[in-house]
Amino acid sequence: MNDYASRVLNGLKARNPHETEFLQAATEMLCSLTPALEKHPEFEQAGLLERFVEPERILAFRVPWVDDRGVTQVNRGYRVQYSSAIGPYKGGLRLHPSVNLSILKFLGLEQILKNSLTGLPIGGGKGGSDFDPKGKSDREVMAFCQSFMTELYRHIGADVDVPAGDIGTGSREIGYLYGQYKRITGRYEGVLTGKGLSYGGSLVRKEATGYGLCYFMQNMLAANKRKLSGATVVISGSGNVAIYACEKALELGAKVVAMSDSSGYVHDPKGIQLDVIKQIKEVERGRIREYARRVPGSDFTEGSTAIWNIPCDIALPCATQNELDLESAIALVRGGCYAVGEGANMPTTLPATEYLLEKGVLFAPGKAANAGGVATSALEMTQNSMRLSWSFCDVDAKLKEIMAGIFEKAADAAESYADCATNYVMGANIAGFLKVADAMMAQGIC
Ligand code: NDP
Ligand code: 2IT
């Protein structure tokens, strides 16, 4: 890391000593940027990095709602409006008991670079709450969403800040949030993405992150004389990203042998039956252990991290941050894994990422590989502005093209700046950063 980046990182550590996830994401980014910073000494003069790592605005608010027993509950709501250098703030809302500012700032920082890589005009933001939708009735979820939006509506807008889904926020939550926004403001506009198809949603948005991940992997594997077809794949998680990564991987001829949720994983050596997973997870909102009860020959193991002990060619972590640690990376390499694609945001710890790169495992970083979701959100915004709905085929073709473009940007930047032409971590960070940096330089100190 060069002196400038290291001073900025030390400043962040001093100011945010307890924000471990945020410091982890900032460390990875700042380490990667050294060769680009050396080429652009003018960035230091303009305090560009100091401004880049500091969110433009952080909103924190109380979210009171009444549960089914008539008891008042209070959650914390947040929106981190990180960067509007290249477009309106854009990024998801996470609903999970672990949500805090460290997590939302790490996600927001990643989102700036990810959104830049899509090539579309979207800035970076993230938000959410420590509310846990798990085990809540539809009415409780609606009460929470309406209360959350009753504060958030004044800070967002189709050209200001456009939230979407993330962990715990799916089409049900987006529907309730959208209804409340419309009711308060009287405006029918593309203020949220991931909407239902009957009220302004885009075809392919539901599938986009998982499909996009597989498109990215296809590009990366092809460039390195490998392919998805015929590969054995392990996917962690069984939510939106994992399910559609599995669907596309199967369509492309891979065999998926394991999936998980936060309670454990199922291993099905004959190949995961995706219709059973969809029934349990999307329809019944159940637990993955149920799969082993329904599919003979499969088994369930308590605890999700041991999923990486299953031998595979390709690993797709699609659950949450830091789910793949050094021990898991060692197990993957031992099991013959030659490629890892991050469907989740920052699922791989720094030591695990370093180890995988060192061992020559092809590594697709999340901010590049999972950008298909937000890219399709931007396509949803475009359709909303145009008052048009594109066909599944049209949106899917655009998604494919965007993912190929992201791979090319990451690969070109790796080739120009990194010691190793397949260091897509460095490539993605530099390519994403330079576009935003250019816009910030053009717009003066702000
Ligand atoms: P979902 O809520 O649909 O699914 C999350 C999945 O991950 C569930 O299987 C969940 O299990 C598991 N999980 C969540 N938290 C933990 C945890 N602490 N430990 C172990 N497992 C956990 O979320 P998404 O699929 O939308 O998101 C998954 C990841 O992908 C996140 O990192 C998200 O930021 C990222 N992402 C999402 C995009 C999107 O468009 N949705 C776009 C780009 C990235 P359980 O049900 O037991 O909690
Ligand atoms: O992490 C992500 O990119 C998302 N959760 C999707 C954000 C979006 O605005 O579609």
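Residues numbered from 1 in each chain as written. Chains lettered and ligands numbered in written order. Predicted model: local features only at pLDDT ≥ 70, side-chain atom pairs only at ≥ 80, totals over all residues. Heavy atoms only, no water.

(A) Highlighting the packing of helix α8 (residues 205-223) against helix α16 (residues 392-417). Across the interface, α8 lies against α16 with an axial gap of 9 Å and an inter-helix angle of 45 degrees. Considering the angle they form, α8 stands oblique to α16. Seen from above, α8 lies across α16 with right-handed handedness. Contact residues: α8 offers E207, A208, Y211, G212, Y215, F216, N219, M220 and A223, while α16 offers F392, D396, L399, K400, M403, A404, I406 and F407. Considering only residue class, the contact of α8 with α16 consists of 12 nonpolar, two polar and three charged. (Axes fitted to C-alpha atoms, helices over the stretch in contact; angles between N-to-C directions. Helix = DSSP H or I, 4+ residues; strand = E, 2+ residues; numbered from the N terminus. Parallel < 35°, antiparallel > 145°, perpendicular 65-115°, else oblique. Left-handed = near helix turned anticlockwise from the far one by under 90°. Contact = heavy atoms within 4.5 Å. Nonpolar A, V, L, I, M, F, W, Y, C, P; charged D, E, K, R; others polar.)

(B) Local environment of the nonpolar core. Membership of the largest hydrophobic core comes to 107 residues, with the highest contact counts inside it found for I235, I314 and F433. Residues within four places of I314 in sequence aside, it is in contact with M217, L221, L228, A231, T232, V233, V234, C337, Y338 and A339. (Core = buried A, V, L, I, M, F, W, Y, C linked by side-chain atoms within 4.5 Å. Buried < 20%, exposed > 50% of the residue type's maximum accessible area, 1.4 Å probe, protein only.)

(C) Geometry of the pattern of salt bridges. Under the definition given, this model contains 24 salt bridges. Note that D261 and K281 form a salt bridge whose closest N and O atoms lie 2.8 Å from each other. Taken together, the residues D261 in strand β7 (residues 255-261) and K281 in helix α10 (residues 274-283) connect sequence positions 20 residues apart. Here D261 and K281 have matching classes, each one buried. (Salt bridge = Lys/Arg side-chain N within 4 Å of Asp/Glu carboxyl O.)

(D) Quick peek at the site of ligand 2. Near ligand 2, the surroundings consist of 14 residues, among which K90, K114, D166, R205 and S377 are the closest. Taking G165, its main chain carries an N or O atom lying 3.1 Å from a nitrogen atom of ligand 2. R205 places a side-chain nitrogen or oxygen 3.0 Å from an oxygen atom of ligand 2. Contact with the protein chains hides 94% of the accessible area of ligand 2, taken as 290 Å² for the molecule alone. Within the residue set of the shell around ligand 2, elements represented by two or more residues are β3 (89-95), α5 (101-117) and α15 (372-386). A per-class count over the shell around ligand 2 returns two nonpolar, seven polar and five charged. (Near = heavy atom within 4 Å. Polar contact = N/O pair within 3.5 Å; in protein donor to acceptor, adjacent residues only side chain to side chain. Areas by Shrake-Rupley, 256 points an atom, 1.4 Å probe, with all protein chains shown as cover.)

(E) Molecular detail of the sheet that holds β7. Taken in spatial order, the seven strands line up as β9-β8-β7-β6-β10-β11-β12 in an open sheet, and their pairing is mixed. Taken across any chain shown, the strands that pair with only one partner, and hence form the sheet edges, are β9 (299-302) and β12 (362-364). Averaged over all pairs of adjacent strands, the angle between their axes in this sheet comes to 15 degrees, without regard to strand direction. The pairing of strand β6 (residues 232-236) with strand β10 (residues 314-317) spans four bridges and is classified as parallel. Following the sheet pairing, V234 is matched in β10 by A315. Contacts from helix α9 (residues 240-251) reach β6 and β7, with the element oriented near 175 degrees to β7. (Pairing = 2+ DSSP bridges.)

(F) Up close: the packing of α15 against α16. Relative to each other, α15 and α16 sit at 135 degrees, their axes nearing to 10 Å. In terms of axis orientation, α15 runs oblique to α16. For the pair α15 and α16, the crossing hand works out as right-handed. Seen from α15, the contacting residues are G372, A375, T376, L379 and Q383; seen from α16, they are V395, K398, L399, I402 and M403.

(G) Quick peek at α9. The terminal C-alpha atoms of α9 lie 17 Å apart, and with 12 residues this matches the ideal 16 Å at 1.5 Å per residue to within 8%. Taking burial as the measure, the 12 residues of α9 include nine buried ones, the bulk of the element. Among the residues of α9, those classed as buried are V241, A242, I243, Y244, A245, C246, E247, K248 and A249. Among the structural elements, α8, β6, β7 and α10 are those in contact with the buried residues of α9. Looking one or two residues past α9, G253 carries a phi angle of roughly 95 degrees, positive in sign. (Expected span 1.5 Å × (residues − 1).)

(H) Quick look at the site of ligand 1. Of all residues adjacent to ligand 1, which total 25 residues, the nearest are K134, D166, S262, R287 and N345. A distance of 2.9 Å separates an oxygen atom of ligand 1 from a polar backbone atom of S238. Within the complex, 84% of the 880 Å² of free accessible area of ligand 1 lies under protein. Where the shell around ligand 1 is concerned, the elements lending two or more residues are α8, α9 and β7.

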